[in-house]
Amino acid sequence: MVRAYLNVLRAQDLLDSTTAEEAAVKRQLEQVQQRFDVGLVAITDVLESQAVYDSVAVRRIQADGDHDIFFESLSTLTGIAYERLDRLSEKLPIVNPSPQDESAWVEEAMRSNLGILAAQEQLNAARRNVRARASGHLPTIDATITQAHSVTGAPNFFSADTTDVTIYGLQFNMPLYTGGLIRARTKEASALMRQAEELLLNQQRTVTRDVRNLYQAVATDVVRVKARLKAIESSRSALDATETGYQVGTRNIVDVLQAQQLLFRSQFDYADSRYNYVLDLLALKDVAGALGL
């Protein structure tokens, strides 16, 4: 559900980015056309700008379609037709997992992971089954109580003689020979117990691997988000410098268009990295059995 929700937000950011890029390239194309009309630039600048604009328009149409598809997928999961979704707050803290100790997360997973707990219960049941099967050759004692009530010697109920009898008994059973049935059942139960032990061990190893990988993924996401935020500022500065260079003739239109694309791509990459952080952090807490924390 969370992934479907974030996919819609991711698609919305991509649509917003390509829409803004399309508008920026269109303005650039209009300016280049005006400069060409007065003989300041060559026709190649116009053609380059037109080609980039057409390409961005196609990507915007594709992003619009993908956005509708992800919206429909979320509505299918929830049964609700959404008109809009709240975005992630810019104040969302992008921080390392707490506690900032990979081993502590592994220990918590060993205690709380649902898969491990289920495998442990399966092993406990297998052990009890072994004890039950192995006890098949032991003697058994059953206790019985029998009560009897009789009415005799009178024509009507109120003047009749009544007798109450209570009999206590013990029944002792000693299996002398079962043709190897108990032994075979015990061996079968023991094999199932060993299988349960291996399943538990495999589950623990898998969870340990997943916790460590996800912990590292979240830590990497934190660094990536900060780096991509800086990349936006760098790309914006590079675009300003390139546009200035184009005005004075030291850069060409292709350089400007590429700088624009880099800026819009940096903006989307920043939003995308924040969604990956949320997904990885939730996945880490899920594997560790700590979603409520």
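One can find the structure itself at the top, above this paragraph.
The structure presented is a predicted model; accordingly, all values stated were derived computationally and were not measured.

This part takes up the pattern of salt bridges. If you walk through the whole model with that rule in mind, you get 15 salt bridges. Note that D13 and R87 form a salt bridge whose closest N and O atoms lie 3.0 Å from each other. Of this pair, D13 sits in helix α1 (residues 2-37) while R87 sits in the loop between α2 (43-78) and α3 (102-112), and the two are 74 residues apart along the sequence. Here D255 and R251 are joined by a salt bridge, their closest N and O atoms 3.2 Å apart.

Here we take up helix α4 (residues 114-134). Here α4 contains 21 residues, and its C-alpha end-to-end distance of 30 Å stays within 8% of the 30 Å for a straight helix at 1.5 Å per residue. If you check which residues of α4 are buried, you get I116, A119, L123, A126 and V130. Viewed along the axis of α4, the buried residues span an arc of 80°, placing them on a single side of the element. Opposite its buried face, α4 presents the exposed residues L114 and R131, each directed more than 90 degrees away. Contacts from the buried residues of α4 go to α3 and α5 (181-248). Capping the start of α4 is the job of one residue whose side-chain oxygen sits 2.9 Å from the backbone nitrogen of G115: N113.

As a further point, take α3. Here α3 has its buried residues at E102, W105, V106, A109 and S112. Along α3, the residues classed as buried sweep out an arc of 145° about the axis, all on the same side. A side-chain oxygen of the first residue of α3 lies 3.1 Å from the backbone nitrogen of S103; this N-cap is D101.

A cis amide bond links S98 to the next residue, P99, at an omega of 5°. Along the chain, P99 falls in the loop between α2 and α3.

With that settled, the discussion passes to the side chain of T242. Considering the arrangement of structural elements, one finds T242 in helix α5. Engagement of the side chain of T242 in a polar contact is seen with the backbone oxygen of A238, the distance being 2.7 Å. Among residues more than four places away in sequence, those in contact with T242 are R251, D255, V256 and A259.

Reading guide: rules and limits
- Residues numbered from 1 in each chain as written.
- Predicted model: local features only at pLDDT ≥ 70, side-chain atom pairs only at ≥ 80, totals over all residues.
- Heavy atoms only, no water.
- Salt bridge = Lys/Arg side-chain N within 4 Å of Asp/Glu carboxyl O.
- Helix = DSSP H or I, 4+ residues; strand = E, 2+ residues; numbered from the N terminus.
- Expected span 1.5 Å × (residues − 1).
- Buried < 20%, exposed > 50% of the residue type's maximum accessible area, 1.4 Å probe, protein only.
- Arc of directions from axis to C-beta.
- Contact = heavy atoms within 4.5 Å.
- Polar contact = N/O pair within 3.5 Å; in protein donor to acceptor, adjacent residues only side chain to side chain.

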